[in-house]
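An overview of the molecular structure
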Amino acid sequence: MKTRHLPALLLLLSFQVRAVEAVEMDDHFEKLAARYIEEFTELSPVSATELGDHRYDAKLNEISKDARQKQAAFCRSYLKQLTEVDRAKLGRQLQIDHELLEHDLNMTLWQLEVLREWEWNPLVYTGLAGSSIYGLTARNFAPLEKRLANVASRLEQFPRYLEQVRQTIVPKLVPPIHAETAVKQNRGVLSILKNLVEPDIEKLPARQQARLCAAVKTARAAIDKQQVWLEKELVPNARGNFRIGPKLYDQKLKFTMQSDLSRDQIRARGESELRRVRSEMFEISRGVYAKKYPLTKFPKEPSPEFQQAIIRAALEFAYAEIPKRDAVVATAEESMKITTDFVRKKDLITIPDDPLEIIIMPEFQRGVSVAYCDSPGPLDVGQKPFYAVAPLPEDWTDEQCESFLREYNTLSIHNLTVHEAMPGHFLQLAFSNRYPSRLRALLASGVFIEGWACYTEQMMSEEGFLDGDPLMRLITLKWYLRTITNAILDQAVHVDWIGREEAMRMMVEDGFQEEREAAGKWVRSQLTSVQLSTYFVGIQEHRDMRSAAEASWKNFSLKKYHDTVISHGSPPVKYVRSLILDE
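Okay, so let's go over this structure. Owing to the predicted nature of the structure, the values given are computational and were not obtained by experimental measurement. Residue positions are given per chain, counted from 1 along the sequence in the order it is written. Selection of residues for local features in this predicted model requires a pLDDT of at least 70, selection of side-chain atom pairs for listing and counting requires 80 or more, and totals for whole chains, interfaces and linings are taken over all residues. Heavy atoms throughout the structure, all of them, feed into the side-chain values; hydrogens and water do not.

Turning to the overall build of the protein, a few remarks are in order. Secondary structure is summarised from DSSP: a helix means a run of H or I of at least four residues, a strand means a run of E of at least two, and numbering begins at the N terminus for each. Broken down by element type, the protein carries 25 helices and 3 strands. Projected onto its principal axes, the C-alpha positions of the protein cover 90 × 80 × 45 Å. The buried label goes to any residue with under 20% of its type's maximum accessible area, the exposed label to any with over 50%, and the partly exposed label to all in between, with areas taken from a 1.4 Å probe on protein chains only. In the protein, buried positions account for 56% of the 583 residues. Contact between two residues is taken to exist if any of their heavy atoms lie within 4.5 Å; hydrogens are not considered. Intrachain contacts of the protein at a sequence separation of at least 6 include 80% that bridge at least 24 residues. Only the protein chains shown count as cover for residues, and all accessible areas are computed by the Shrake-Rupley method using a 1.4 Å probe. Per element, the accessible surface of the protein, about 26,400 Å² overall, is 52% carbon and sulfur. The charge count includes Lys and Arg as positive and Asp and Glu as negative, but it does not include His or the ends of the chains. Every charge is mapped to an atom, namely NZ of Lys, CZ of Arg, CG of Asp or CD of Glu. One way to put it: in the protein the 77 positive side-chain charges average out to a point 2 Å from where the 82 negative ones average out.

Printed below as a string of structure tokens:
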């Protein structure tokens, strides 16, 4: 062999060695990820059911110190195993999955050991109780007899579960608003039993009927006992502060967003966008108003008060068409047809064949949001997703109902449907759950998901939804204004300590929200932290990503762009951006 060929041969051998090492490292990480998926669902049987892992459908979560220590030890064990994986040798997609898993494990430890919601937030447990039954009954993933047998098993464990909750919660640390909301939500589980369990009891064999009836009776007694504790012990002694403060807020913001935007940057962008959007709303409103009143003379430099009045006047035209008090769900169903037809006609994105059912929001889920998309878990691909809409509370006055329906007028329900269903959450999550990496599907980013839904609102409007109706555009911008004020409100409440009056003024005056919507958002800002900012951060990152793609792609089209963006699952936007722009 001639020596002059040695360098080239050595280089070739080096490439081959690195290629083999990369394949081996990919295989090592994929096996680790498979073990994680196999093992972590055992820590929360209710979450396992929701995700589509039905091995633990007969079990109900343990709420104890031992359970929390077991979860913490699990996280530390996998963090240690991740250090044995050389991330630099992984393929690009697996590098992302590695970072997502490491991030999630660290976040879980922070939630357990620093945020410690398990000791001061009773809504964690009312949600788990309701979900434990709802997750078994809402979808036909298994024969009815098998699912109801597991319902009976979980109901039989309610006394133990709720007793553990009472032993875990520290009343003096619970914020009063959380205690009061838990009082309302606790009995929501009974509505699930009434509507989704009891009607099917007679379909079971006699022995199973007897067991399920006894289990329902046991659960009802346990829920009644819990209700007494909530009303007599928790509410009177709840002394916690719902504001988590700047230190915890910034830590939670970093974990939740996985974004390069800081709290100050989010605030600055929000205030800038608030001014820009209000300016656009005035220009649209002036045109709408002038068409209605053509003799009106507008000043060359309208004052802020004049602009405010004209925008409000134009919004009144949009509020003229409202659904009946009992027709919000029916209006959403009609809206689904309209939005789907528009997406198809404009060929904006590939539409999946998955069926979608619009339902009345389960009672145990009410009190935080007006609507949500309940997609099947990533391990339950093929099951039916739900677009859940909350009915108006029966105890609301006519004045409160009118306020709500003005906010959720027919045009607003169109926008709500865009966000929650087409082409928002329902469509995006349908593709996300098809992504080959189950780990990525399990570790989905709420910022990506909410940002996508908010992005589609603006995209549909910009593409001429409802024949370019200026009132539809005005309502869409009003909703974006809500997204902006959500982010400002979120940190203003938890970091700046603003009170209800100032918060209401921001939402009603700056954001043109109706009283019922603003009052509900004030409650939500107390019950949650950081989550209200996910919408704004998400849409900012999605808009930035699209602008970058339009500038760099040679043959840009909306369908190509949208299909590409949602083809990578639901990781943080920065990862999708790096993939589609080869950054």
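Next up on the list: the packing of aromatic side chains. Aromatic pairing here means that ring centres of Phe, Tyr or Trp (its six-membered ring) are within 6.5 Å. Orientation follows from the plane angle: under 30 degrees is stacked, over 60 is edge-to-face, and everything else is tilted. Across all of its chains, the model carries 18 aromatic pairs by this definition. Note on phenylalanine 342 and phenylalanine 465: the rings are 5.4 Å apart at their centroids and 70° apart in plane angle, and the pair reads as edge-to-face. Pair noted here: phenylalanine 342 is in helix H14 (residues 328-346) and phenylalanine 465 is in the loop between helix H19 (446-462) and helix H20 (470-494), with a separation of 123 residues, a long-range link. For the pair shown, phenylalanine 342 and phenylalanine 465 are each scored as buried. Grouped by ring-pair contacts, the aromatic residues Tyr36, Phe40, Phe74 and Tyr78 constitute a single cluster. Sitting over the face of the ring of phenylalanine 431, arginine 434 holds its NZ or CZ atom 6.0 Å from the ring centroid. Only when the NZ of Lys or the CZ of Arg is both within 6 Å of the ring centre and within 35 degrees of the ring normal is a charge said to sit over the ring.

The topology assignment puts glutamate 273 in helix H12 (residues 263-292). Judged by relative accessible area, glutamate 273 falls into the buried class, the value being 14%. Among all residues touching glutamate 273, those that are not within four sequence positions of it are Tyr480, Ile484, Phe536 and Gln540.

Buried Ala, Val, Leu, Ile, Met, Phe, Trp, Tyr and Cys residues form a nonpolar core when they are joined through side-chain atoms within 4.5 Å. Counting 177 residues, the largest nonpolar core has Tyr36, Leu155, Phe158, Tyr161, Leu212 and Val565 as the members making the most contacts within it. Examining the composition of this core, we find that 14 residues originate from one element, H20, more than from any other.

Moving on, we get to the pattern of salt bridges. Every case where a carboxyl oxygen of Asp or Glu lies within 4 Å of a side-chain nitrogen of Lys or Arg is listed as a salt bridge. Per the counting criterion, the structure on display carries 41 salt bridges. The partner of arginine 482 in a salt bridge is glutamate 407, and the shortest N-O contact between them spans 2.8 Å. Here arginine 482 is found in helix H20, whereas its partner glutamate 407 is found in helix H15 (residues 398-407), with 75 residues between them in sequence. Pair check on accessibility: arginine 482 and glutamate 407 agree, each one buried.

Next up on the list: the sheet that holds strand E2 (residues 371-374). The strands that make up a sheet pair up through hydrogen bonds in the backbone, lying either parallel or antiparallel. Ordered by their spatial adjacency, 3 strands build an open sheet running E1-E3-E2, and the pairing between neighbours is mixed. The sheet is open, and its two borders are formed by strand E1 (357-360) and E2, each paired with just one other strand. For this sheet the average axis-to-axis angle between neighbouring strands, irrespective of direction, equals 25°. Strands are labelled as partners when DSSP assigns at least two bridges between them. Angular values range over 0 to 180 degrees, each being the angle between N-to-C directions of two axes fitted as lines to C-alpha atoms, with helices fitted over their stretch in contact.

With that out of the way, let us pick up the side chain of threonine 410. Mapped onto the secondary structure, threonine 410 falls in helix H16 (residues 410-420). Given the relative accessible area of 11%, threonine 410 is considered buried. For threonine 410, the residues in contact, after removing those within four places along its chain, are Glu321, Ile322, Pro323 and Thr331.

Along the chain, threonine 483 turns up in helix H20. Threonine 483 gets classed as buried once you look at its relative accessible area, which sits at 6%. Through-space distance from the C-alpha of threonine 483 to that of serine 533 is 7.9 Å; in sequence the pair is 50 residues apart. With residues near it in sequence (within four places) discarded, threonine 483 still touches Cys454, Tyr535, Phe536 and Ile539.

Burial along strand E3 (residues 386-389) is two-sided: the face carrying Phe386 and Ala388 and the face carrying Tyr387 and Val389 are both buried. Two elements, E1 and E3, share 4 bridges in a ladder whose sense is parallel. Bridging across to E3, glutamate 357 finds its partner in phenylalanine 386. With 4 bridges connecting them, E2 and E3 associate as antiparallel partners. By the bridge assignment for E3, cysteine 373 is matched with tyrosine 387.

All right, on to the packing of H16 against H20 then. Between H16 and H20, the least distance of the axes is 9 Å, while the angle of their chain directions is 60°. Considered as vectors, H16 and H20 are oriented oblique to each other. The chirality of how H16 crosses H20 is right-handed. Contacts between H16 and H20 pair Leu411, Ser412, His414, Asn415 and Leu416 from the former with Leu471, Met472, Ile475, Thr476 and Trp479 from the latter. Gly is placed with the polar residues, together with every amino acid not listed as nonpolar (Ala, Val, Leu, Ile, Met, Phe, Trp, Tyr, Cys and Pro) or charged (Asp, Glu, Lys and Arg). Among the residues making up the contact of H16 with H20, the classes are represented as 6 nonpolar, 4 polar and no charged. Between 65 and 115 degrees an angle is taken as roughly perpendicular, under 35 as roughly parallel, over 145 as roughly antiparallel, and anywhere else as oblique. Each crossing gets its hand from how the near helix is turned against the far one by less than a right angle, where anticlockwise is left-handed and clockwise is right-handed.

Along the chain, methionine 422 connects to proline 423 via a cis peptide bond; the corresponding omega equals 5°. On the secondary structure map, proline 423 appears in the loop between H16 and helix H17 (425-432). Phi is positive for aspartate 347, close to 50°, though the residue is something other than glycine. Mapped onto the secondary structure, aspartate 347 falls in the loop between H14 and E1.

Quick look at the environment of arginine 92 now. You can see arginine 92 is positioned in helix H4 (residues 92-115). Remark: the alpha-carbon pair of arginine 92 and methionine 257, spanning 165 residues in sequence, is separated by 21 Å. Dropping the residues within four chain positions of it, arginine 92 is found in contact with Ser578, Leu579, Asp582 and Glu583.

Mapped onto the secondary structure, proline 355 falls in the loop between H14 and E1. Residues proline 355 and phenylalanine 386 lie 31 residues apart in sequence; the distance between their C-alpha atoms is 9.0 Å.

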